[in-house]
Amino acid sequence: MLVLGIETSCDESGVALYDSARGRDTPLSGLLAHAIHSQVAMHNEYGGVVPELASRDHIRRVLPLVQKIAAQAGVGMKDLDAIAYTQGPGLSGALLVGASIATALAYGLGIPAVPVHHLEGHLLSPLLSKDPPDFPFVALLVSGGHTQLMQVAAVGDYILLGETLDDAAGEAFDKSAKMLGLPYPGGPALSRLAQEGKPGRFRLPRPMQKSRDLDFSFSGLKTAVMLAARAADFGDADRPDLARAVEEAIVDVLASKSLAALERTGMARLVVAGGVGANRLLRTTLDAAAARRGFRVYYPEMELCTDNGAMIALVGALRLGASAAADAADTGTRASRGFTVKPRWDLASL
Ligand code: KG4
Ligand code: ZN
């Protein structure tokens, strides 16, 4: 089954072609081609994502990107069996672009359009790596808008173990970076600056690290960073040290809650997904803990950590394969003319 995936939930247009027959042994071999256009440069001058600009740019990018990967993979639109698109959560205007293009194309081709949950895409994106995890596993989902620990038994079987009560970890990175005068998106920039910083110069709180649950809270950290950066004696030379303290505080909390989740569920596999999963310190910290305690950590390939079409095409193919390999054949009659998007959508409700 050949599936085109389209991702437009935020500030990246992502498209991919996934062939489930070729991906039977390892999902990575089913990924025929994928391409991403990042809008970071466009939003940069506003210090964050401007939703209307994001939507308009998706309109310009999606179809040319689809043509590009189709040429790369040597397939035509008529070869497609389904089109998967991100239905939510995300920015409503941006989601509508992907949803309407996918639905229109699918209707024209007489094939199904498959709505996909963006976070399920992130959750399963490590399956597209050279050494994919087996089920079951604990997943730490850390994106710009979400911080969650999920217990994953199989595709579609997700139990929420804990989540942030306020800001997401990515948001804490982004907002702290802004206070340090760094460009959007702040996570990678703050992480680079932190490499020059001296440890231990600033003491920042580790919110809820000692709470008995698996929930997170990052808004207090943001306030502490603001107070430190506004202190009268805070100068330019202090910025790398504060950046380092921020990164260490966020990573410390993420790592200790992940270990607690593994302990509580008795699992020995941890999957880390979402943009913050690209963070080097988070990776080295979790890898060191894994070596000490005898569990394994799985990450998506670096290029699939942030938003991409590959994870959407993969989930579309898995969902279709699981639900109805048989009725995929007569999908001409099931191609839908209507669609909705879900800017807010609980993953555990799947
Ligand atoms: O998953 P993602 O690409 O988009 C959403 O679905 O939100 O995640 C974006 C988030 C941003 O907050 C960004 O600052 C953060 O991931 N991020 C990082 C790094 N790379 C991306 N945070 C820390 N360190 C990084 N290297
Ligand atoms: Zn994302």
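A few points on the structure. (Residues numbered from 1 in each chain as written. Chains lettered and ligands numbered in written order. Predicted model: local features only at pLDDT ≥ 70, side-chain atom pairs only at ≥ 80, totals over all residues. Heavy atoms only, no water.)

**Regarding the packing of aromatic side chains**
Counted under the stated rule, the structure contains three aromatic pairs. Between phenylalanine 135 and phenylalanine 137, the aromatic rings sit 5.3 Å apart at their centres with planes inclined by 20°, giving stacked as the arrangement. Residues phenylalanine 216 and phenylalanine 218 carry aromatic rings whose centres are separated by 6.1 Å and whose planes lie at 15° to one another, so their mutual orientation is stacked. Under the relative-accessibility criterion, phenylalanine 218 is labelled buried at 0%. (Phe/Tyr/Trp six-rings, centres within 6.5 Å; stacked < 30°, edge-to-face > 60°. Buried < 20%, exposed > 50% of the residue type's maximum accessible area, 1.4 Å probe, protein only.)

**Observations concerning the coordination of the zinc ion (ligand 2)**
Around the zinc ion (ligand 2), the donor atoms from the protein are His118 (NE2), His122 (NE2) and Asp307 (OD), and they sit 2.0 to 2.1 Å away. One can describe the site at the zinc ion (ligand 2) as irregular: its four donor atoms subtend angles covering 93 to 145° at the metal. Read from N- to C-terminus, the donor residues coordinating the zinc ion (ligand 2) fall into the pattern H-x3-H-x184-D. Taken together, the residues histidine 118 in helix α4 (residues 118-124) and aspartate 307 in the loop between β10 (296-298) and α10 (309-324) connect sequence positions 189 residues apart. With respect to burial, histidine 118 and aspartate 307 carry one shared label: buried. (Donors = N, O, S within 2.8 Å, 3.2 Å for Na, K, Ca; no water. Tetrahedral: all angles 85-135°; square planar, octahedral: opposite > 155°, others 65-115°. Helix = DSSP H or I, 4+ residues; strand = E, 2+ residues; numbered from the N terminus.)

**With respect to the sheet that holds strand β4 (residues 82-88)**
Taken in spatial order, the five strands make up an open sheet running β3-β2-β1-β4-β5, and their pairing is mixed. The sheet terminates laterally at β3 (31-38) and β5 (113-117), the two strands that pair on one side only. Direction aside, neighbouring strands of the sheet carry axes that sit 20° apart on average. Bridging between strand β1 (residues 2-7) and β4 involves four bridges; their strand directions are parallel. Bridge assignment links glycine 5 to a residue of β4, and that residue is alanine 84. Across the face of the sheet, helix α3 (residues 92-109) comes into contact with β1, β4 and β5 while running at roughly 155° to β4. (Pairing = 2+ DSSP bridges. Axes fitted to C-alpha atoms, helices over the stretch in contact; angles between N-to-C directions. Contact = heavy atoms within 4.5 Å.)

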